[in-house]
Amino acid sequence: MRAAAASGAVTASYTNYIPESVKSFVSHLYRYIRDGDVSGAHVLYEETFHRLSADLYRDAPWPPAEAVAAYCDNDQFFLLLYRELTFRHAHARLPGLTLKHRILILVPILFVSYIGVRNQKWFALVVVYCVDSPKFIRELNKSLIREILEREKEGLEQFTVMNGYDHDDGSNVLKMLGYYSMIGLLRVHCLLGDYCTGLKFLSPIDISEQGVYTTVIGSCISTIYHYGFANFMMHRYADAIHQFNRILLYMLKYKEYHQKSPQYDLLLKKNEQMYALLAICLSLCPQNNLTDENVSIELKGRYGTKMTKMLRCDGEKYYDELFSFACPKFIAASPSVFYNQDAHRLQLKLFLDEVKQQQLLLGVRSFLKLFSVITIGKLAQHMGWNETSLRAILMAYTHKTHAVDNDGNIISSADFDFYIDEDTIHATESKSIKHHNDYFLTHILKFEEVIGELAELQVY
């Protein structure tokens, strides 16, 4: 009785302050879902909800479900969807909200199976449930999505082209949830610090090709961020640089097209985090030909000074600062999945230990880039070491610039190679490839923009 009275009081207090635009939004969304109008529901979900949140609830929560029940015939199924929308908004915008406040019931799956939503909704569902309900994700992986993707690689399936549907227009519910659950599990294991397992879950998806995950910009950004971060923590710096450069270049070209997206705040945050990670990667593993010119200009504008100091071995505080800003919110592998400071400190310590080891090798790299041929004795004299210590350092440098990829192959991330013939070191620096076509195309486009602007000017 007391709970019912409290609920009634909440409803009465909020009803008096619910704007007409919110009442209209709830009633129309309810009607579209009830009538199976996918296009109408999609517009309200993707555009109207985002606009109302920005205008009316930028720093405040939406009214509780009990307060809007009158505008949807008190439909409990619809109110579950409403709670999911408003909880996710509160989690993104309001401080102090933990994951516990947004643990939801496994009913929106029924919603998506009834109205057939687009990939944006699948990704949103998995993001919500992957941390809160690991058992749910394990059940999803019982789908045949791995076998389907393997068959697609062999040309026996058209999963990506058909967006998960069969030729007979069967439901794609289980397959799409299984697909996005692999992305969700990559994220979970990155939060836990188990990067190898996270990458194994994602291995059926060819990250270098266009796929279903790229059809949703939030999914694409999140996938590349966590994939790059996992490779970064496993010392596969070249692979991480390549992927960060790829998505940052996309954001430079098309960021303005996503300004109305409800995921725009996420895109901006991940964009800045990936620039910070790219700065760390290039400081630990300098590369000449893995970053686009435009991305390099943006990176230098943000972190040029800090990168210079990090390369001079006196920038440990900047490594700490950039890592703490760019890393995900680590959690502990315990029943409590809340953000854990101990988990963060452990990952930070592991990273800074690696930085200290890498900084010992930066001097060797500098000297090897100066000399194409030099004896071990002469290099040891330049660096103030004995020959035995130098040989050990050269072995350590070779170890640190090589890693094992997902297929078990040993790959090099060094921007030059060297070998020792008896007591002589031979070094060969890889030359950067100049893409003259990209240079001319960029300036042609800029020239066309200038001509267009001049044509619009009125001559008096």
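Residues numbered from 1 in each chain as written. Predicted model: local features only at pLDDT ≥ 70, side-chain atom pairs only at ≥ 80, totals over all residues. Heavy atoms only, no water.

1. What about the nonpolar core?
At step 1: Judged by nonpolar contacts, the single largest core of 66 residues is most densely connected at Tyr179, Phe229, Phe232, Phe323 and Phe351.
At step 2: At 11 residues, the largest contribution of residues to this core is made by helix α14 (residues 264-284).
At step 3: Look past the residues within four positions of Phe323 in its chain and what remains in contact with it is Phe229, Phe232, Met233, Ile280, Phe330, Gln347, Leu348 and Phe351.
At step 4: Core analysis: the second largest hydrophobic core is formed by 24 residues, Trp62, Ala65, Leu81 and Tyr82 among them. (Core = buried A, V, L, I, M, F, W, Y, C linked by side-chain atoms within 4.5 Å. Buried < 20%, exposed > 50% of the residue type's maximum accessible area, 1.4 Å probe, protein only. Helix = DSSP H or I, 4+ residues; strand = E, 2+ residues; numbered from the N terminus. Contact = heavy atoms within 4.5 Å.)

2. A closer look at the packing of helix α12 (residues 217-233) against α14
At step 1: At their nearest, the axes of α12 and α14 sit 10 Å apart, and the two run at 25° to each other. As summarised for this structure, α12 and α14 are arranged roughly parallel, according to the angle between their axes. The interaxial crossing formed by α12 with α14 has left-handed handedness. The residues of α14 that touch α12, namely those facing Ile217, Gly218, Ile221, Ile224, Tyr225, Phe229 and Phe232, are Leu266, Leu267, Lys270, Gln273, Met274, Leu277, Ile280 and Cys281. (Axes fitted to C-alpha atoms, helices over the stretch in contact; angles between N-to-C directions. Parallel < 35°, antiparallel > 145°, perpendicular 65-115°, else oblique. Left-handed = near helix turned anticlockwise from the far one by under 90°.)

3. Regarding a negative patch on the surface
At step 1: Residues Glu448, Glu449, Glu453 and Glu456 make up a contiguous surface patch of negative charge.
At step 2: With respect to the secondary-structure elements, Glu449 resides in helix α20 (residues 436-456).
At step 3: With a relative accessible area of 52%, Glu449 lands in the exposed category. (Patch = residues over 30% accessible without salt bridge, like charges linked within 9 Å, V, L, I, M, F, W, Y side chains within 5 Å. Areas by Shrake-Rupley, 256 points an atom, 1.4 Å probe, with all protein chains shown as cover. Salt bridge = Lys/Arg side-chain N within 4 Å of Asp/Glu carboxyl O. Lys, Arg positive; Asp, Glu negative; His and termini not counted. Charge placed at Lys NZ, Arg CZ, Asp CG, Glu CD.)

4. Here we look at the confidence of the model for the protein
At step 1: Summing up the model confidence of the protein, the mean pLDDT is 77 and the portion of residues at 70 or higher is 77%.
At step 2: Element-level mean pLDDT values for the protein span from 41 in helix α6 (residues 108-115) up to 92 in helix α16 (residues 316-326).
At step 3: For residues 1-12, every residue scores under 50 in pLDDT, and the model assigns this stretch 4 contacts once sequence neighbours within four places are set aside.
At step 4: Here residues 98-117 is a poorly scored stretch, pLDDT under 50, and it has 46 contacts once near neighbours within four places are set aside; other chains count. (pLDDT = per-residue confidence, 0-100.)

5. Digging into α14
Two residues of an α-helix separated by three or four positions point the same way, owing to the 3.6 residues in each turn.
At step 1: Between its first and last C-alpha atoms α14 spans 30 Å; for 21 residues at 1.5 Å apiece the expected length is 30 Å, and the two agree.
At step 2: Burial analysis of α14 places 16 of its 21 residues in the buried class, which makes it a mostly covered element. (Expected span 1.5 Å × (residues − 1).)

6. Side note on α12
At step 1: Taking 1.5 Å per residue as the helical rise, α12 with its 17 residues ought to reach 24 Å, and the 24 Å between its terminal C-alpha atoms agrees with that figure.
At step 2: A positive phi of about 70° marks His235, the residue just after α12.

7. A few points about the packing of aromatic side chains
At step 1: If you walk through the whole model with that rule in mind, you get 18 aromatic pairs.
At step 2: Among the aromatic residues, those joined into a ring-pair cluster are Tyr195, Tyr225, Phe229, Phe232, Tyr237, Tyr319, Phe323, Phe330 and Phe351.
At step 3: The positively charged end of Arg31 is found above the aromatic ring belonging to Tyr32, 5.6 Å away from the centroid. (Phe/Tyr/Trp six-rings, centres within 6.5 Å; stacked < 30°, edge-to-face > 60°. Lys NZ or Arg CZ within 6 Å of the ring centre and 35° of its normal.)

8. Observations concerning the pattern of salt bridges
Here the idea is simple: oppositely charged side chains can pair when their charged atoms come close.
At step 1: The tally for this structure, following the rule as stated, stands at 9 salt bridges.
At step 2: Close ionic contact of Lys23 with Glu20 constitutes a salt bridge, the shortest N to O distance being 3.4 Å. With Lys23 and Glu20 both in helix α2 (residues 20-35), this residue pair falls 3 residues apart, about one helical turn.
At step 3: We note a salt bridge from Arg302 to Glu272, for which the minimum N-O separation is 2.9 Å. With Arg302 in helix α15 (residues 293-311) and Glu272 in helix α14, this residue pair connects regions lying 30 residues apart in the sequence.
At step 4: Of the residues examined, Arg302 reaches a relative accessible area of 30% and is grouped as partly exposed.
At step 5: Exposure remark for Glu272: the relative accessible area of 27% places this residue in the partly exposed category.
At step 6: Here the salt bridges share partners, and the residues they tie into one network are Glu272, Glu298 and Arg302.

9. So, the side chain of Gln347
At step 1: Note that Gln347 resides in helix α17 (residues 341-370).
At step 2: Apart from the residues lying within four places of it in its own chain, the contact partners of Gln347 are Gly193, Tyr195, Met233, Phe323 and Phe330.

10. Things to note about the environment of Asp194
At step 1: Its location among the elements puts Asp194 in the loop between α10 (173-192) and α11 (195-202).
At step 2: For Asp194, a relative accessible area of 32% puts it in the partly exposed group.
At step 3: For the pair formed by Asp194 and Ala230, sequence separation is 36 residues and the distance between their alpha carbons is 8.5 Å.

11. Focus: the environment of Phe201
At step 1: Relative to the helices and strands, Phe201 is located in helix α11.
At step 2: It is 5.6 Å that separates the C-alpha atoms of Phe201 and Met182, two residues lying 19 residues apart in sequence.
At step 3: Those residues in contact with Phe201 that sit more than four places away from it in its chain are Arg146, Met182, Leu185 and His189.

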